[in-house]
Structure formats: structure tokens, C-alpha cells
Amino acid sequence: MRHEDITGLTLAGGSVRTLRQQEELPLLRDHLLRLDPESRHDRFHGFMDDGFIERYAVKCADDGTIIIAYIEDGVVRGAAELHPPDQSPDSQPEIAFSVEANVRRQGVGSILFKKLIAEARSKGYRSLRITTGVQNQAMRALAHKFGAHLTFRHGESTGSIDLQAQPQAEFAKPGIATPVDTTRAMIDFNRTCWKLFFKLYGLDRAA
């Protein structure tokens, strides 16, 4: 299965696009293997050895999972996964995220989340399920930001995102970016960066 690229400026050294499943399988696998022990635990809700991760990457390439990746210098540093509904017992598509430690707190997770929701919408999905470890504060906060209502059970946080309740204008449309799309993305990203800068230094309350 082949997906159109999703391109767009995200950070100074990286871009976001959809991986072609078999052709770029090693990119996802190597990214997941590079996750530090804590990040690996958060992503898979427990300790998983290298063999498990290699088998997991192969499965993603074979079962129709869509991988939207943040890439720097040809290396995947963050990934958002959209698993098809037929892989779920309740026929609800499930999403998962992983971001390497050296690119965190730079907005990568939010950008991947927006792109993934846009992709899910293009497929006609009405809701998404997200599951994360109770200790994964960053992912729980990100899920809440995008409207997920999480419940706790057996050491995990599980929730659903109602795509019909999300304002579509907030999310980038999937497809090949035009020059106009790229310009808009740059403007929106710069605006977001300045808002974050002002918030971090308390300047948003100075007025």
C-alpha cells in the first residue's frame, strides 16, 4: 500500500511526511529501537526487547498501518501511527506516538498529532482510540489538548477522540503541499513558536 507524501516545514532541520510502508520500513524500526528505556516503556506500555520491536515494525508494514514521520537528515526522529480499524476488537482505529528525547519539547508531537488527525478524517473515520501509560504525562497532556477523555485501568490511560467534534480548520489537509500550503505552514508555525516563547517567559501576561 502506498500513501501520498505529506510535506511541510516543521522545525529548522526537519520535515513531516508519510512513510511508504515496505520501502521505508527500516526507518520506523530504527527509530523505535533508538528510543531510550523510559520512552520505549511509555510507547509500548512495558519493557519490550529489540526482537519485539523488529517484529512490530514488520507488522505495521504489512497490516495497512499509516506512519507519519518527523524526519531530520533522512532519519526518523518521531512517528505517529494510525492503525486500521480491522486490527482492533471494537473496530475503532487506534493511534500511537513516539518522539526521541533529543527532539522533544519542540512541537513535534503536536505537529504529528495534527497530521494524523487530518489523515484519519480523509479516511472517513469518526473517532480514534489512544492508549498510553499512566506515567506518560507528555502524551496524556497532548491527548487532552486534542480532545481525548482518558480513563485509567490496569496501569494504562485509554480514551477516544471524537473527530466530528474537532474543528476541521485546525488540522492540515493531507496531500502534497503546494507553495501556498508551505507558506501558510511556515506562518502558522512561526506564530505558534512565538506564542510558546511568550508563554515560557511569562511575556503573555505582561500586557
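Scroll up to find the structure this text is about.
Residues numbered from 1 in each chain as written. Predicted model: local features only at pLDDT ≥ 70, side-chain atom pairs only at ≥ 80, totals over all residues. Heavy atoms only, no water.

A. Region of the structure containing the packing of helix H2 (residues 37-44) against helix H3 (residues 50-62). Here H2 crosses H3 at 50 degrees, and the two axes come no closer than 13 Å. The pairing of H2 with H3 is recorded here as oblique in orientation. As H2 packs across H3, the resulting crossing turns out to be left-handed. In this structure, H2 uses Arg40, Arg43 and Phe44 to contact H3, whose residues at the interface are Asp50, Phe52, Ile53 and Tyr56. (Axes fitted to C-alpha atoms, helices over the stretch in contact; angles between N-to-C directions. Helix = DSSP H or I, 4+ residues; strand = E, 2+ residues; numbered from the N terminus. Parallel < 35°, antiparallel > 145°, perpendicular 65-115°, else oblique. Left-handed = near helix turned anticlockwise from the far one by under 90°. Contact = heavy atoms within 4.5 Å.)

B. Here's a closer look at the pairing of strand S4 (residues 94-99). Across the six residues of S4, five count as buried, placing the element largely inside the fold. Alignment of strand S3 (residues 75-83) against S4, held across six bridges, turns out to be antiparallel. Its bridge partner lying in S4, leucine 82 is registered against isoleucine 95. (Buried < 20%, exposed > 50% of the residue type's maximum accessible area, 1.4 Å probe, protein only. Pairing = 2+ DSSP bridges.)

C. Representation of H3 within the structure. The first and last C-alpha atoms of H3 sit 19 Å apart over 13 residues, in line with the 18 Å expected at 1.5 Å per residue. Regarding H3, the residues found buried are Ile53, Tyr56, Ala57, Cys60 and Ala61. One face of H3 carries all of its buried residues, which in axial projection span an arc of 135 degrees. Of the exposed residues in H3, those oriented more than 90 degrees away from the buried face are Arg55 and Asp62. (Expected span 1.5 Å × (residues − 1). Arc of directions from axis to C-beta.)

D. The arrangement of the pairing of strand S1 (residues 14-18) in detail. Burial runs high along S1: four of the five residues are buried. The pairing of S1 with strand S2 (residues 66-72) spans five bridges and is classified as antiparallel. Counterpart to serine 15 in the pairing with S2 is isoleucine 71.

E. Region of interest: the packing of aromatic side chains. Enumeration according to the criterion identifies four aromatic pairs in this entry. With a centroid separation of 5.5 Å and 85 degrees between ring planes, the pair formed by phenylalanine 44 and phenylalanine 52 is classed as edge-to-face. A relative accessible area of 28% places phenylalanine 52 in the partly exposed class. Between phenylalanine 52 and tyrosine 56 the ring centres are 6.3 Å apart and the planes differ by 20 degrees, which places this aromatic pair in the stacked class. (Phe/Tyr/Trp six-rings, centres within 6.5 Å; stacked < 30°, edge-to-face > 60°.)

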